[in-house]
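# Observations on the three-dimensional arrangement
Okay, here's what each chain looks like letter by letter:
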Amino acid sequence: MQIPAPFDYERASDVANALALLERHGPESRIIAGGHSLLPMMKLRLARPEWLIDINDLAELEFIRREGDQLVVGALTRHTALLESADVAELFPIIRDAEQVIADPVVRNRGTIGGSLCQADPAEDLSTVCDVLRAHAVIRGPDGERIVAMSDFHRGPYETAVAQNELLYEIRFTVRPRSGSAYEKVERRVGDWAVVAAGAAVGLSADGTVEEAAIGLTAVALDGTVPEAEAVLRGQQPHEDLFVEAARIAAAACNPVADQRGPVDYKRHLADELTRRVLRRACARATAAQEG
Ligand SMILES: Cc1cc2nc3c(=O)[nH]c(=O)nc-3n(C[C@H](O)[C@H](O)[C@H](O)COP(=O)(O)OP(=O)(O)OC[C@H]3O[C@@H](n4cnc5c(N)ncnc54)[C@H](O)[C@@H]3O)c2cc1C
């Protein structure tokens, strides 16, 4: 049995209190949300916080709501809530696609979007999803609130823009007309982390050409999205030849490593194939939204 190093624990009563506790206990304190990433790391002694600040009582952090042209999701929102939200399914089907293949119901009932993004594991599905949707993170700290684009949020594996004395508060997704998105993942068995996964989001002009496109890949050491592949699509009518070309560029841009999930060639092949599929599906969804 793996046992974590000794630690102390406090339950925050609201966001201000959580920030005060982080300040009081200093660099050795860590937020705990669902605990599905932090606790395994503590058991393996890869993380040894002296204080855990539990934010599970903070109902103010657990919501999905429409605000003008934004869908705003609180950091403590559970995977299950995202999976079951009608607004999410309608506006951002990529989130639902991803949630269907994240872990199992036990993990999804407790794990949170904030924990997923702050963990910043290179295989984390929601990191790619948020990159592709060009989401914004709202971070609160002792000096107030700041808004960070997803492209600036992830600083590298397990590193984010959230400082030790700050809290990820909410994630904002902009609702765009005539848009569609999709996510697809290959895993070794149901509920496993990705061997490789791909996400795409497209926005169409009134004449049906691609106005905006984003392509992301999971678990293949790609930082952010793939601008060269996205440029191929922009201004064009969606077409299979374009998907093939964009997928080829995306697969060439990633840097998979050989491990127990497979060799480099296999992962690059998956990146190519999955990118084609998500582009096809995202464009079909955008066209349906346009007609619909
Ligand atoms: C068996 C298993 C299978 C899994 N499979 C997948 C999978 O296929 N795909 C996938 O994407 N994920 C998978 N996960 C991870 C799962 O999605 C976790 O829920 C997620 O990684 C972390 O969310 P959490 O709420 O549990 O975070 P926690 O473990 O509580 O926290 C993770 C980190 O984020 C920090 N943190 C949490 N919330 C905040 C906040 N609001 N502000 C600042 N810092 C914060 C914590 O301090 C910690 O450093 C799996 C997990 C398990 C246990």
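Going by the structure above, here's the rest.
Treat the numbers as computed from the prediction; the structure is a model and nothing was measured.

### Points about the site of the ligand
Around the ligand lies a shell of 31 residues, among which Ile-31, Ser-37, Leu-38, Thr-112 and Asp-125 are the nearest. The side chain of His-79 places a nitrogen or oxygen atom 2.9 Å from an oxygen atom of the ligand. The separation between an oxygen atom of the ligand and a polar side-chain atom of Glu-124 is 2.8 Å. With the chains in place, 90% of the 970 Å² that the ligand exposes on its own is no longer accessible. Here the ligand is seated within the largest pocket. Residue assignment for the shell around the ligand shows that the elements contributing at least two residues are strand S2 (29-32), helix H7 (113-119) and strand S10 (167-174). Tallying contributions element by element places H7 first for the shell around the ligand, with 5 residues. Within the shell around the ligand, the residues separate by chemical class into 14 nonpolar, 12 polar and 5 charged.

### What about the layout of surface pockets?
Estimated volume of the largest pocket: approximately 980 Å³. If you go around the largest pocket, you meet 44 residues; those closest to its centre are Ser-37, Gly-114, Gly-115, Cys-118 and Gln-119. Contributions of two or more residues to the lining of the largest pocket are made by S2, helix H2 (38-43), H7, strand S9 (159-160) and S10. With 5 residues, H7 is the single largest residue contributor to the lining of the largest pocket. Residues of the lining of the largest pocket, tallied by class, amount to 20 nonpolar, 15 polar and 9 charged. Approximately 500 Å³ is the volume attributed to the second largest pocket. Lining the second largest pocket are 27 residues, and of these Asp-131, His-154, Leu-222, Asp-223 and Gly-224 lie nearest its centre.

### Brief notes about the sheet that holds strand S13 (residues 210-218)
The 3 strands lie next to each other as S11-S12-S13, forming an open sheet whose pairing is antiparallel. A strand with exactly one partner marks an edge of an open sheet, and here the two such strands are strand S11 (179-187) and S13. Taking the axes of each pair of neighbouring strands and ignoring which way they run, one obtains an average angle of 10° across the sheet. Across 9 bridges, S11 lies against strand S12 (residues 194-204) in antiparallel orientation. In the sheet register, Glu-184 faces S12, and the bridge partner there is Ala-198.

### Details of the nonpolar core
Judged by nonpolar contacts, the single largest core of 37 residues is most densely connected at Ile-95, Leu-117, Phe-153, Leu-168 and Phe-173. Ranked by the residues each element gives to this core, the list is headed by helix H8 (residues 125-132), at 4 residues. What Leu-168 contacts, discounting residues up to four positions off in sequence, is Ala-75, Gly-114, Leu-117, Cys-118, Ala-137, Val-138, Ile-139, Phe-153 and Val-162.

### A word on the sheet that holds strand S3 (residues 51-54)
Taken in spatial order, the 3 strands line up as S1-S3-S2 in an open sheet, and their pairing is parallel. In this open sheet, the two strands that pair with only one neighbour each are strand S1 (8-11) and S2. Looking at each pair of strands side by side, their axes are set apart by 25° on average, direction ignored. With 4 bridges connecting them, S1 and S3 associate as parallel partners. What sits directly across from Arg-11, in S3, is Asp-54. Docked against the sheet, helix H1 (residues 15-25) engages S1, S2 and S3, running at close to 175° with respect to S3.

### What to know about the packing of helix H11 (residues 240-253) against helix H12 (residues 264-291)
Interaxial distance between H11 and H12 falls to 8 Å at its minimum, and their mutual angle equals 140°. Viewed along their axes, H11 and H12 adopt a mutual orientation that is oblique. Between H11 and H12 lies a crossing of right-handed hand. Across from Glu-240, Phe-243, Val-244, Ala-246, Ala-247, Arg-248, Ala-250, Ala-251 and Ala-252 in H11, the residues of H12 making contact are Arg-268, Ala-271, Asp-272, Thr-275, Arg-276, Leu-279, Arg-280 and Cys-283. When grouped by side-chain class, the residues that make up the contact of H11 with H12 number 10 nonpolar, 1 polar and 6 charged.

What counts, and where the lines are drawn
Residues numbered from 1 in each chain as written. Predicted model: local features only at pLDDT ≥ 70, side-chain atom pairs only at ≥ 80, totals over all residues. Heavy atoms only, no water. Near = heavy atom within 4 Å. Polar contact = N/O pair within 3.5 Å; in protein donor to acceptor, adjacent residues only side chain to side chain. Areas by Shrake-Rupley, 256 points an atom, 1.4 Å probe, with all protein chains shown as cover. 1 Å grid on protein atoms, 1.4 Å probe; cavity = no way out; pocket = protein on both sides within 12 Å on 5 of 7 lines; lining within 4 Å. Sits in = over half its atoms within 2 Å of the grid points. Helix = DSSP H or I, 4+ residues; strand = E, 2+ residues; numbered from the N terminus. Nonpolar A, V, L, I, M, F, W, Y, C, P; charged D, E, K, R; others polar. Points joined across faces, edges and corners; volume = space filled by probe spheres on them. Pairing = 2+ DSSP bridges. Axes fitted to C-alpha atoms, helices over the stretch in contact; angles between N-to-C directions. Core = buried A, V, L, I, M, F, W, Y, C linked by side-chain atoms within 4.5 Å. Buried < 20%, exposed > 50% of the residue type's maximum accessible area, 1.4 Å probe, protein only. Contact = heavy atoms within 4.5 Å. Parallel < 35°, antiparallel > 145°, perpendicular 65-115°, else oblique. Left-handed = near helix turned anticlockwise from the far one by under 90°.

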